[in-house]
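A look at the structure
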Amino acid sequence: MTLDFPDSLILDTALSVSGLTDYIRLLLEQDEQLRQVWVTGEVSSANNHRSGLFFTLQDPDRTAGIKCVVWNSQLPKLAQMPVPGEQIIILGTIRVYPQRGEYQLSVWQTLPAGVGLQALRYQQLKNRLLAEGLFDAQRKRSLPTHPQTIAVVTSPTAAAWGDIQKTLKQRYPGLHVLFSPATVQGDQAPESIVKAIERVERDGRAEVLILSRGGGAVEELACFNDERVVRSLASCSIPVITGIGHQRDESLADLVADVCVHTPTAAAEMVVSALSELYTEHRQRVVALHEAVHDFRENAENKLQVLRNRLRRLRLDRQVQQEVEKLAWKRQHLVQITTGRSQQATQHLELLRQKLASLDPKAVLQRGYAVVRREDGAIARSATELAVGEELMIQLGQGGVKVKVMEVNEPQRRRGRREING
């Protein structure tokens with residue numbers, strides 16, 4: 001088969017290879033959507049080159065693929081290193097290389113896809129909340145020992161609610177349970193859980209809150225990693241215990257709760273003690289108390305007997321008798337000394353009395369002596385002091401007399417001395 005085209009038409013419309021490549025490059029690189037495009041796929045054929053990392057991103061069914069490059073300057077900034085066989089999400093720009101007639105994706109950022117992306121978001125949120133101190137052990141509260149009112153937040157149709165009711169009824173019949181229903185799976189679950197917690201707080205009767213759900217896949221438990229739920233639990237005014245899932249997939253709700261356990265049943269068992277266990281513990285305490293009192297009494301009696309034996313060995317009664325005898329002897333000795341000194345004082349006093357009596361002028365007068373007093377009351381001691389006609393008062397042993405001087409007789413020695421002088 002032959003095609004007949006006019007020569008003029010071919011010359012006017014034919015493009016060079018570079019012209020066609022430039023046209024394609026302009027179409028791709030000037031497209032606003034392709035300047036910043038997100039692409040997801042599976043990594044294959046990854047090769048490290050001195051200028052960067054080259055790999056191919058393809059659909060899981062391998063029906064399409066695109067070459068990608070991460071330049072060395074951008075590698076440290078990647079959130080997820082491209083590894084063959086892993087699903088990733090790429091942010092990049094389309095670039096055309098005219099020399100090879102190829103286009104490839106110049107990568108700015110890579111993120112894990114699917115479960116990996118969820119894990120990345122989980123870790124980023126966990127690190128942020130951890131930095132805020134929401135998971136610190138010192139902010140966690142102890143559960144009440146014997147709560148009388150318990151709040152439960154879970155789905156009314158979930159098996160978890162039935163397990164919790166059954167466990168609480170068996171362990172502590174008559175316990176008051178407040179049920180605050182919530183959706184615990186799907187996009188609406190976080191908001192529903194937050195509202196259920198708020199209802200419990202507004203009610204104000206619950207002493208502890210159980211947030212629970214049965215087992216499920218990782219994506220089904222995503223609501224318990226939602227930031228709104230975590231912050232609601234962190235700000236809850238009453239202690240919170242979580243019982244989420246049958247596997248040990250620790251959620252952020254578990255980390256922020258005051259206590260976390262593996263299952264709803266375990267949460268119910270943790271909140272209240274079984275009455276039978278409480279009765280057994282009570283009986284054990286009663287027995288222990290009786291034993292303690294018996295032991296204390298026995299020890300006290302033993303100590304008392306030891307003290308009695310020590311008293312017998314010390315013979316304190318004999319020592320006391322000896323001290324009494326010593327005191328009696330000292331008392332007798334003191335009485336003797338006191339009596340002797342009193343007698344001596346009495347004799348000395350009598351001697352002084354007699355001596356004083358001998359010096360008493362009245363006693364002298366009683367022996368026949370008299371006291372001559374002048375008119376002014378002065379005692380006349382010498383005849384030379386008196387004058388004829390002077391009145392004197394003579395005090396006798398009994399009474400007194402008033403006399404007048406008729407004659408003055410001077411002492412012989414004085415009179416003779418006057419004569420010689422004359």
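Residues numbered from 1 in each chain as written. Predicted model: local features only at pLDDT ≥ 70, side-chain atom pairs only at ≥ 80, totals over all residues. Heavy atoms only, no water.

The name given to the protein chain in an unreviewed UniProt entry is Exodeoxyribonuclease 7 large subunit, with the source organism recorded as Nostoc cf. edaphicum LEGE 07299. Per UniProt, the protein chain has the following entry under Subunit (unreviewed entry): "Heterooligomer composed of large and small subunits." Its UniProt record gives the protein chain a comment under Function (unreviewed entry), which states: "Bidirectionally degrades single-stranded DNA into large acid-insoluble oligonucleotides, which are then degraded further into small acid-soluble oligonucleotides." (UniProt positions renumbered as here; feature names shortened; annotations may be inferred.)

A few words on the sheet that holds strand β12 (residues 391-395). For sheets, the rule is that strands pair by backbone hydrogen bonds, running either parallel or antiparallel. Spatial strand order, β11-β12-β13: three strands in an open sheet with antiparallel pairing. Here the strands that pair on one side only, and so sit at the sheet edges, are β11 (371-373) and β13 (400-404). Geometrically, the sheet is characterised by an average inter-axis angle of 25 degrees between neighbouring strands, direction not taken into account. Sheet topology note: the β11/β12 ladder contains three bridges and is antiparallel. Note that in β12 the partner of R373 across the bridge is M393. (Pairing = 2+ DSSP bridges. Helix = DSSP H or I, 4+ residues; strand = E, 2+ residues; numbered from the N terminus. Axes fitted to C-alpha atoms, helices over the stretch in contact; angles between N-to-C directions.)

So, about the packing of aromatic side chains. In the structure shown here, the tally under the stated rule is two aromatic pairs. Ring geometry for F54 against W71: centres 5.9 Å apart, planes inclined by 90 degrees, an arrangement best described as edge-to-face. Of the two residues, F54 sits in strand β2 (residues 52-58) while W71 sits in strand β3 (residues 65-71), which places them 17 residues apart along the sequence. Relative to F179, the ring of W161 lies with its centre 4.1 Å away and its plane at 15 degrees, an arrangement referred to as stacked. With a gap of 18 residues between them, W161 in helix α5 (residues 159-171) and F179 in strand β7 (residues 176-181) connect regions that are remote in the sequence. (Phe/Tyr/Trp six-rings, centres within 6.5 Å; stacked < 30°, edge-to-face > 60°.)

Running from amino to carboxyl end, helix α6 (residues 189-203) crosses helix α7 (residues 227-234) at an angle of 15 degrees, the nearest separation of the two axes being 8 Å. Comparing their axes, α7 and α6 come out roughly parallel. Between α6 and α7 lies a crossing of left-handed hand. Residue-level contacts link P190, E191, I193, V194 and I197 of α6 to R228, V229, S232 and L233 of α7. When its residues are assigned to classes, the contact of α6 with α7 shows six nonpolar, one polar and two charged. (Parallel < 35°, antiparallel > 145°, perpendicular 65-115°, else oblique. Left-handed = near helix turned anticlockwise from the far one by under 90°. Contact = heavy atoms within 4.5 Å. Nonpolar A, V, L, I, M, F, W, Y, C, P; charged D, E, K, R; others polar.)

Turning our eyes to something else, we now look at the packing of α5 against helix α9 (residues 264-271). Interaxial distance between α5 and α9 falls to 8 Å at its minimum, and their mutual angle equals 30 degrees. Taken together, the axes of α5 and α9 lie roughly parallel to each other. Handedness of the α5/α9 crossing: right-handed. Seen from α5, the contacting residues are A160, D163, I164, T167, L168 and R171; seen from α9, they are P264, T265, A268 and E269. Across the contact of α5 with α9, the residue classes tally to five nonpolar, two polar and three charged.

What follows deals with the confidence of the model for the protein chain. Taken over all residues, the pLDDT of the protein chain has a mean of 83, while the share at 70 or more is 89%. Scored below 50 in pLDDT, residues 414-422 shows three contacts in the model against residues more than four places distant or in partner chains. (pLDDT = per-residue confidence, 0-100.)

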